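Analysis of the macromolecular model
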Amino acid sequence: MTVRDLVRIALFAAIIAALGLLPRIDIPIAAGVPITAQTLGVMLAGVMLGARLGALAVLLFLFVVALGAPLLAGGRGGLGVLFGPTAGYLIGWIAGAYVCGLLMRALRGLPLFAATLIAAIGGGILVVYAFGVPWLAWKANLSLTQAILGGLVFVPGDLIKAVATAFITVATHRSAPSLISGRA
Amino acid sequence: MITTYLARRTWLHGVPAGVKLFALAALSFMLLPVQDWRILATAAMLAALVFAALGREARQRLALIRPLLPVLAIIAAFQVMTGDWRDAVGAVARLTLMVMLAELVTMTTTMAAMMEALAPVLRPLRHLGLDPRALTLAVALVIRFVPVLLEAWQRRAEAWRARSGRRPALRLVAPFVAEALRLADHVAEALTARGFAASARPQEHPMRKIP
Amino acid sequence: MSNARRAMVQSSFQPSSGHPPDDTIRFDAVSLARGGRSLFAGLNLTLDEHRIGLIGANGSGKSSLLRLINGLLLPDAGKVRIGGRDTVRDRDELPGRIGFVFQNPDHQIIFPTVGEEVAFGLTLRGLTKGEAAEQARALLAAHGCAGWEDRAVQELSEGQKQLVCILAVIAPQPGALLLDECFASLDLRARADLMARLMALPQRLIMASHDLDLLASFDRVIWLDGGRVCGDGAPAEIIAAYRAAMTNGGGAP
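Everything quoted here is computed from the prediction, not taken from an experiment. (Residues numbered from 1 in each chain as written. Chains lettered and ligands numbered in written order. Predicted model: local features only at pLDDT ≥ 70, side-chain atom pairs only at ≥ 80, totals over all residues. Heavy atoms only, no water.)

1. As for the overall build of chain B
When helices and strands are tallied, chain B shows 10 helices and 0 strands. Start at the N end of chain B and walk to the C end: the helices and strands fall as α-α-α-α-α-α-α-α-α-α. Going through the 211 residues of chain B one by one, you find that 47% of them count as buried. Of the roughly 10500 Å² of accessible surface on chain B, 65% is carried by carbon and sulfur atoms. (Helix = DSSP H or I, 4+ residues; strand = E, 2+ residues; numbered from the N terminus. Buried < 20%, exposed > 50% of the residue type's maximum accessible area, 1.4 Å probe, protein only. Areas by Shrake-Rupley, 256 points an atom, 1.4 Å probe, with all protein chains shown as cover.)

Listed below in structure tokens is the structure:
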């Protein structure tokens with residue numbers, strides 16, 4: 001790993017934090033429904049930095065949060081977040097960013113928008129829920145079905161973020177192709 | 001600086017970070033097999049009392065648990081639907097208890113002390129290719145650059161508002177991310193100029209080996 | 001860090017008051033292309049004055065020249081030497097001998113608190129955390145910033161941030177400081193204050209600047225244009241010629 005990689009990981013971890021702390025952003029297609037942009041940062045990490053660096057950026061972000069920095073959306077931080085019922089989703093972010101990166105590489109043949117959308121849904125939603133839902137079931141003594149039902153609430157918002165990830169990636173690629181790993 | 005750390009010292013500040021972390025890990029392990037709602041509820045009450053005993057500022061930090069409330073409510077509702085109220089109380093008490101205990105540690109331990117206490121745990125990671133020195137630097141970079149990025153966003157949002165009269169939109173995220181990544185390149189250059197690469201050359205850098 | 005490694009780092013780090021006689025900077029037929037465009041072609045230059053200014057339009061090569069001196073850029077052909085050391089062969093030693101201050105402090109400051117930032121360069125040179133923190137404290141106090149250790153970088157003014165950058169860079173006592181437009185975003189008062197502090201340093205200064213007045217008391221000013229040395233000598237003469245050329249709509253001679 002080069003110094004540049006190390007700094008990119010750290011800066012992307014800071015981006016994930018910043019996206020969670022920003023005053024709510026309007027998303028036109030959601031008709032003004034405000035959502036936090038933090039998972040957007042997770043999807044972008046995998047898409048833009050690639051699997052390995054993207055996952056490390058998320059891991060670093062969570063490490064800093066666990067150390068006590070209130071950087072999770074809504075200003076939460078500290079070891080408590082690792083013991084909460086939704087900690088599985090946070091763990092899932094690491095794997096999710098990794099899979100986003102893998103999918104981007106695997107789908108190099110597709111148009112950028114389609115590839116990013118699939119990567120963001122696959123890594124940023126399916127993988128994240130694959131960690132988050134069983135964790136919730138375990139921690140809260142729920143059945144898997146109940147946990148899935150509970151998780152469904154967040155799916156529409158996450159789908160919007162996957163689409164947003166694709167738009168943002170295409171826009172970034174247009175202005176600075178070298179910023180998106182594997183698509184230079 | 002951004003932190004959930006409690007500035008006013010309490011007795012819990014004096015307990016070494018390593019001891020607190022170990023106690024937290026031990027407690028979470030011991031509580032795993034406990035199913036009795038009465039024990040869990042009592043323990044949660046005790047943890048709340050410790051919070052209260054740490055002073056007004058600490059009690060205000062209990063508000064940090066508020067974002068959890070909707071989730072806890074849904075969990076309780078599911079539990080009552082399928083089992084009975086005892087399961088609901090047990091599950092909710094267990095979760096709040098653990099979150100409160102962890103919060104107590106975070107509130108009374110500086111991030112530097114936390115890093116220090118974790119050092120022995122992180123040292124074996126060296127064999128997996130993770131350099132603790134690079135990790136310390138990376139953590140510092142994150143804390144340093146979150147406010148820098150927030151300021152950069154604010155500038156962009158202002159320029160956007162001045163020209164469009166609308167609230168900041170997702171359109172702004174792409175240039176924001178691009179700017180941050182360019183910032184990363186500048187920072188990497190400055191870091192190299194100060195000799196970080198020289199004392200951890202890429203070819204012998206331990207972090208290289210991460211799969 | 002292993003003891004052997006630490007000893008090695010320390011031996012390559014020589015504190016210097018004034019600059020040792022062998023640290024003349026020599027450009028020997030240096031060529032450099034960036035982004036497919038040739039910037040320097042066979043540049044020869046010997047720098048051993050105590051205060052050297054670099055002037056020239058944007059893109060004239062000032063920043064690249066500075067980056068060649070501390071090995072951030074390596075020549076495509078020719079050699080850059082500091083004393084007997086080659087920037088390619090002895091690249092790893094350069095950060096200990098030559099400090100670099102960038103235009104934007106936010107690109108340079110790595111740590112959230114002033115104390116950590118100033119101590120960082122010292123730990124890289126092999127000092128323990130405690131030693132580095134102690135030296136950082138002493139350095140801050142010596143420059144009228146006693147008690148700044150725990151201040152958050154984010155709360156400092158631009159001028160204070162740039163001061164922290166300079167102190168962090170001189171902490172390991174390099175022999176020379178390279179300054180790349182480091183006053184561009186500062187107000188007049190901060191500029192004057194920092195300039196006075198810089199002029200009092202024992203280190204050799206090589207400073208690229210658009211603010212020509214700052215360079216008036218320097219020993220030598222070099223005017224670059226398109227990677228060529230277009231004027232070189234006493235500040236009064238070179239700055240006057242540069243000013244005339246730039247404001248009369250004419251280009252470089």
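Moving on, there is more to tell.
2. Digging into the interface of chain B and chain A
Facing 70 residues of chain B, the contacting portion of chain A comprises 62 residues. Regarding the contact of chain B and chain A, the summed buried area is about 5600 Å², with carbon and sulfur atoms giving 80% of it. Looking only at chain B, the three residues that lose the most surface to chain A are Phe78, Leu170 and Leu181 of chain B, adding up to 12% of its buried area. The partner of Asp185 of chain B in a salt bridge is Arg4 of chain A, and the shortest N-O contact between them spans 3.0 Å. On the surface where chain B and chain A come into contact, there are 4 residue pairs in polar contact (both at pLDDT 80 or more). Listing elements by their share of the side of chain B that touches chain A, those giving two or more residues are helix H2 (17-31), helix H5 (69-82), helix H6 (85-107), helix H7 (111-122), helix H9 (132-164) and helix H10 (173-193) of chain B. Element by element, the count of residues in the side of chain B that touches chain A is highest for H10 of chain B, at 15 residues. (Contact = heavy atoms within 4.5 Å. Buried area = accessible area lost by both parts, 1.4 Å probe. Salt bridge = Lys/Arg side-chain N within 4 Å of Asp/Glu carboxyl O. Polar contact = N/O pair within 3.5 Å; in protein donor to acceptor, adjacent residues only side chain to side chain.)

3. A short note on the nonpolar core
Among the nonpolar cores identified, the biggest contains 139 residues, and Phe12, Leu60 and Phe61 of chain A are the most heavily contacted of them. Ranked by residues supplied to this core, first place goes to H9 of chain B with 16 residues. Both domains that meet at this core, namely domain 1 (11-110) and domain 2 (129-204) of chain B, each give it at least three residues. Beyond its immediate sequence surroundings of up to four residues, Leu60 of chain A is in contact with Ile9, Ala10 and Ala13 of chain A together with Leu135, Ala138, Val139 and Val142 of chain B. Ranked by size, the runner-up nonpolar core spans 48 residues in total, among them Val114, Cys165, Leu186 and Leu205 of chain C. (Core = buried A, V, L, I, M, F, W, Y, C linked by side-chain atoms within 4.5 Å. Domains from an automatic or database assignment.)

4. What to know about the sheet that holds strand S4 (residues 77-82) of chain C
All names here are of chain C. Taken in spatial order, the 4 strands of this open sheet run S2-S1-S4-S5, and their pairing is antiparallel. Only two strands of the sheet have a single neighbouring strand rather than two, namely strand S2 (37-47) and strand S5 (85-86). Taken together, the 7 bridges between strand S1 (residues 25-34) and S2 define a ladder with antiparallel strand orientation. Directly across from Ala33, in S2, lies its bridge partner Ser38. Contacts between helix H2 (residues 62-69) and the sheet are confined to S1, S2 and S4, with S1 contributing the most and set at about 120° to the helix. (Pairing = 2+ DSSP bridges. Axes fitted to C-alpha atoms, helices over the stretch in contact; angles between N-to-C directions.)

5. Quick look at the environment of Leu177 of chain C
Residue and element names in this part refer to chain C. Mapped onto the elements of the fold, Leu177 is located in strand S7 (residues 176-180). Residues Leu177 and Pro202, spaced 25 residues apart in sequence, show a C-alpha to C-alpha distance of 10.0 Å. With residues up to four places along the chain from it excluded, the contact list for Leu177 reads Gly99, Val169, Ile170, Leu198, Leu201, Gln203, Arg204, Leu205 and Ile206.

6. Remarks on the interface of chain C and chain B
Listed by partner, the interface residues are 28 residues for chain C and 27 residues for chain B. For chain C, the biggest contributors to the area lost against chain B are His107, Ile110 and Gln154 of chain C; these three give 25% of the whole. Remark: the boundary between chain C and chain B carries 4 salt bridges. In this structure, the salt-bridge partner of Lys129 of chain C is Glu116 of chain B, at a minimum N-O distance of 3.5 Å. Where chain C touches chain B, the interface holds 9 residue pairs in polar contact (both at pLDDT 80 or more).

7. Regarding the confidence of the model for chain B
Residues and elements named next belong to chain B. Summary statistics for chain B give a mean pLDDT of 80 and a share of 90% for residues scoring 70 or more. Between the elements of chain B, mean pLDDT differs from a low of 71, seen in helix H8 (residues 125-128), to a high of 90, seen in helix H3 (residues 37-53). Counting interchain partners and residues more than four positions distant, the pLDDT-below-50 stretch residues 198-211 has 41 contacts. Here the predicted complex carries an ipTM of 0.89, next to a pTM of 0.80. (pLDDT = per-residue confidence, 0-100.)

8. Some thoughts on the domain arrangement of chain B
Segmenting chain B into domains produces domain 1 (11-110) and domain 2 (129-204). Spacing between the C-alpha centres of domain 1 of chain B and domain 2 of chain B amounts to 35 Å.

9. Examining helix H6 (residues 112-139) of chain A
Residue and element names in this part refer to chain A. Here H6 is 28 residues long and its end C-alpha atoms lie 38 Å apart, about the 40 Å a rise of 1.5 Å per residue gives. The principal kink in H6, of about 30°, is found at Tyr129. Following H6 by one or two positions, Asn141 has its phi on the positive side, about 60°. (Expected span 1.5 Å × (residues − 1). Bend = angle between axes of the 7 residues up to and from the residue.)

10. A word on the side chain of Arg94 of chain B
All names here are of chain B. Looking at the element boundaries, Arg94 is found in helix H6. Although Arg94 is buried, it makes no salt bridge; Asp87 carries the closest opposite charge, 9.1 Å away. Non-local contacts of Arg94, meaning those with residues more than four positions away in its chain, are made with Leu31, Leu32, Val34, Gln35 and Leu40. (Lys, Arg positive; Asp, Glu negative; His and termini not counted.)

11. Some thoughts on the packing of H5 of chain B against H6 of chain B
All names here are of chain B. At a closest axis distance of 7 Å, the pairing of H5 and H6 adopts a crossing angle of 155°. When the axes of H5 and H6 are compared, the pair comes out roughly antiparallel. The two elements H5 and H6 meet at a crossing, and its hand is right-handed. Contact residues: H5 offers Leu72, Ile75, Ala76, Gln79 and Val80, while H6 offers Trp85, Asp87, Ala88, Ala91, Val92, Leu95 and Thr96. Here the residues of the contact of H5 with H6 are counted per class, giving 9 nonpolar, 2 polar and 1 charged. (Parallel < 35°, antiparallel > 145°, perpendicular 65-115°, else oblique. Left-handed = near helix turned anticlockwise from the far one by under 90°. Nonpolar A, V, L, I, M, F, W, Y, C, P; charged D, E, K, R; others polar.)

12. Quick look at a nonpolar patch on the surface
On the surface, Leu144, Ile148, Leu149 and Leu152 of chain A cluster together into a nonpolar patch covering about 380 Å² of accessible area. Mapping Ile148 of chain A onto the fold places it in helix H7 (residues 144-152). (Patch = residues over 30% accessible without salt bridge, like charges linked within 9 Å, V, L, I, M, F, W, Y side chains within 5 Å.)

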